[in-house]
Amino acid sequence: MTILITGGAGFIGSHVVRLFVETYPNYHIVNLDALTYAGNLENLKDIEYKSNYTFVKGDITDEGFINDLFEKYKFEGVIHLAAESHVDRSIKDPLAFVKTNVIGTMVILNAFKNLWKNNFDNKLFYHVSTDEVYGSLGQTGLFSETTSYDPNSPYSASKASSDHFVRAYGETYGMPYIITNCSNNYGQNQFPEKLIPLFINNIINNKPLPVYGDGNYTRDWLYVKDHAVAIDLVFRKGKNHETYNIGGFNEWKNIDLVKLLCRQMDEKLNRPKGSSEKLITYVKDRPGHDLRYAIDASKINKELGWKPSVTFEEGLDKTIDWYLSNEDWLHHVTSGEYQSYYEKQYSH
Ligand code: NAD
Ligand code: TYD
């Protein structure tokens, strides 16, 4: 079986690619990635010479190129992760999100449909999406697979749109698909613009920790390797035309999470207790900031037996250790384009 994984040089994608390449020597895994600021082949150094792995550099919005790639490899399965993924960037440049997340998904869907036409036997288009499509919860309640879509940011609107197109291709052309909507991931190889790696990097460098608004926003955090395991399980055992929510059963208010991170970082860096907390700085809130996300992951748990394997404290501990022993990686990804992004985002 030849499987296309898009966005495999990014954060979650690199964990998915590694899991598939290592677990399934009989599958040929093709990783297609444009290597934007968020894509980094250093994430996959350990598997790049495996015989069942091929990397292809290319843009999912490039129709001719994508159609040729599908003709060449005859992908029987697609796991689609390539996307612009950061809410703050979507606020500054929404069109880039429509191009990659909506048009790019359409190009991949079309190529898959045109390749297999009316014979989709044993084929699958797996679309990796986010819980942010459901909008914001109040203080109570959970997102389930039947919660209505109500996206608030250009990022979540673009992901919602791509989910709708995947479903439409399923209904209209009989294309086999599965969608998963997952909560916030954390772990090794996450680009330091998202909360946890940004704050780890800033603590290492004694820089301010910019907490948006009052810090009382809640997210449900999942260790990235547990997400990769869920993706593998759903790809093999999930039901055609179904959606599964994936979450960590692990809600944290941002400010409580940041304080836990500060305590763990003080210990790891042998700094006096309380040093990292002194870096906390409340800054202007994100426009349209969703108050709370929390996932009801009982469907995937009951039907496929999936549940997270690590506690948040364990996952965070592994994550911090990885960043502390991979300062070269951090240094490489935080030079160049990152610097100008950082100045623009946090200058006010
Ligand atoms: P990421 O930003 O770390 O990686 C995205 C990857 O896609 C990068 O390697 C980038 O080079 C590639 N890419 C971007 N535009 C491309 C294009 N036009 N053509 C080809 N490749 C392109 O993102 P991530 O955090 O790993 O998220 C992966 C997927 O999972 C996304 O679809 C995202 O919406 C979804 N998701 C993320 C989270 C999370 O917490 N990070 C949670 C739920 C769902
Ligand atoms: P983020 O990691 O960007 O994920 P998302 O917006 O997709 O949930 O942000 C997680 C939470 O942390 C969110 O409530 C915004 C907040 N946040 C800050 O307070 N400061 C920051 O510098 C960043 C990047 C995020």
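Every value quoted in this text rests on a predicted model; they were computed, and no experiment measured them. (Residues numbered from 1 in each chain as written. Chains lettered and ligands numbered in written order. Predicted model: local features only at pLDDT ≥ 70, side-chain atom pairs only at ≥ 80, totals over all residues. Heavy atoms only, no water.)

Enquirer: Explain the overall build of the protein chain residue by residue, including any values.
Expert: Counting secondary structure elements, the protein chain contains twelve helices and twelve strands. Across its three principal directions, the C-alpha atoms of the protein chain cover 65 × 45 × 40 Å. Scored against the burial criterion, the 348 residues of the protein chain give a buried share of 57%. Long-range pairs, those at least 24 residues apart, make up 82% of the contacts in the protein chain between residues at least 6 apart in sequence. (Helix = DSSP H or I, 4+ residues; strand = E, 2+ residues; numbered from the N terminus. Buried < 20%, exposed > 50% of the residue type's maximum accessible area, 1.4 Å probe, protein only. Contact = heavy atoms within 4.5 Å.)

Enquirer: Give me unusual backbone geometry: which residues, what numbers.
Expert: Backbone phi values are negative for most residues with the exception of glycine, while trans is the configuration of most peptide bonds. The phi angle at Lys117 is positive, at roughly 45°, despite the residue not being glycine. Tracing the backbone through its elements, the reader meets Lys117 in the loop between α4 (94–116) and β5 (124–130). The phi dihedral of Phe249 is positive, around 50°, even though this residue is not glycine. Following the sequence through the fold, Phe249 ends up in the loop between β10 (242–246) and β11 (251–253). Given the relative accessible area of 51%, Phe249 is considered exposed.

Enquirer: Can you explain the site of ligand 1? Please cite residues and give values.
Expert: Around ligand 1, the structure places 29 residues, and the nearest of them are Ile12, Asp33, Ser85, Tyr155 and Lys159. Taking Ile60, its main chain carries an N or O atom lying 3.0 Å from a nitrogen atom of ligand 1. When ligand 1 is considered free in solution it has 830 Å² of accessible area, and contact with the protein chains removes 96% of it. Counting only elements with at least two residues in the shell around ligand 1, the list comes to α1 (11–23), β5, α5 (154–173) and β7 (184–186). Looking at which element gives the most residues to the shell around ligand 1, the answer is β5, with three residues. In terms of residue class, the shell around ligand 1 is built from 13 nonpolar, twelve polar and four charged. (Near = heavy atom within 4 Å. Polar contact = N/O pair within 3.5 Å; in protein donor to acceptor, adjacent residues only side chain to side chain. Areas by Shrake-Rupley, 256 points an atom, 1.4 Å probe, with all protein chains shown as cover. Nonpolar A, V, L, I, M, F, W, Y, C, P; charged D, E, K, R; others polar.)

Enquirer: Outline the packing of helix α6 (residues 195–204) against helix α12 (residues 337–346), supporting the account with residue identities and numerical values.
Expert: The relative placement of two packed helices is expressed as an angle between their axes plus a distance between the axes. Between α6 and α12, the shortest axis-to-axis distance is 15 Å and the interhelical angle comes to 95°. Regarding the angle of α6 to α12, the classification is roughly perpendicular. On the side of α6, the interface is formed by Leu198, Asn201 and Asn202, while α12 contributes Tyr338, Tyr342 and Tyr346. In terms of residue class, the contact of α6 with α12 is built from four nonpolar, two polar and no charged. (Axes fitted to C-alpha atoms, helices over the stretch in contact; angles between N-to-C directions. Parallel < 35°, antiparallel > 145°, perpendicular 65-115°, else oblique.)

Enquirer: Give me the sheet that holds β11: which residues, what numbers.
Expert: If you walk across this open sheet you meet the three strands as β7-β9-β11, and the pairing is mixed. At either margin of the open sheet sits one strand with a lone partner, and together these are β7 and β11. For this sheet the average axis-to-axis angle between neighbouring strands, irrespective of direction, equals 50°. Bridge analysis of strand β9 (residues 218–223) against β11 gives three bridges, and the strand direction is antiparallel. (Pairing = 2+ DSSP bridges.)

Enquirer: Let's hear about the pattern of salt bridges: which residues, and what values?
Expert: Taken as a whole, this structure holds ten salt bridges when the rule is applied. Asp88 is the partner of Arg286 in a salt bridge, and the nearest nitrogen-oxygen pair spans 2.7 Å. With Arg286 in the loop between β12 (280–283) and α9 (298–304) and Asp88 in helix α3 (residues 87–92), this residue pair connects regions lying 198 residues apart in the sequence. Accessibility expressed as a relative area gives 17% for Arg286, which makes it buried. Note on Asp88: relative accessible area 3%, which makes it buried. In this structure, the salt-bridge partner of Glu251 is Arg292, at a minimum N-O distance of 2.8 Å. With Glu251 in strand β11 and Arg292 in the loop between β12 and α9, the pair connects residues that are 41 residues apart, well separated along the chain. (Salt bridge = Lys/Arg side-chain N within 4 Å of Asp/Glu carboxyl O.)

Enquirer: Break down the side chain of Asn52 for me, with residues and values.
Expert: Turning to its location among the elements, Asn52 is positioned in the loop between β2 (28–33) and β3 (53–57). On the basis of relative accessibility, which here comes to 8%, the residue Asn52 falls in the buried class. Separated by 3.4 Å, the side chain of Asn52 and the backbone oxygen of Tyr27 make a polar contact. Each residue touching Asn52, except ones within four places of it in the same chain, is listed here: Val21, Tyr24, Pro25, Tyr27, His28 and Ile29.

Enquirer: Could you give an account of the sheet that holds β5, with specific residues and numbers?
Expert: Here seven strands make up an open sheet; going across it, the order is β3-β2-β1-β4-β5-β6-β10 and the pairing parallel. If you trace the sheet from one side to the other, it starts and ends with β3 and β10, each paired once. Between one strand and the next, the sheet's axes are offset by a mean angle of 15°, whatever the strand orientation. Of the strand pairs in this sheet, β5 and strand β6 (residues 177–182) are connected by six bridges, and their pairing is parallel. Of the residues in β6, the one forming a bridge with Phe125 is Tyr177.

Enquirer: Report on the site of ligand 2, specifying residues and quantitative values.
Expert: As a structural note, the neighbourhood of ligand 2 is formed by 20 residues, with Glu132, Pro210, Arg219, Arg286 and Tyr346 the closest of them. A distance of 2.7 Å is found between an oxygen atom of ligand 2 and a side-chain nitrogen or oxygen belonging to Arg219. Taking Arg286, its side chain carries an N or O atom lying 2.5 Å from an oxygen atom of ligand 2. Expressed as a share of its isolated accessible area of 510 Å², the protein-covered part of ligand 2 is 98%. For the shell around ligand 2, the elements supplying multiple residues, two or more each, are α3, α6 and β8 (209–212). In terms of residue class, the shell around ligand 2 is made up of ten nonpolar, four polar and six charged.

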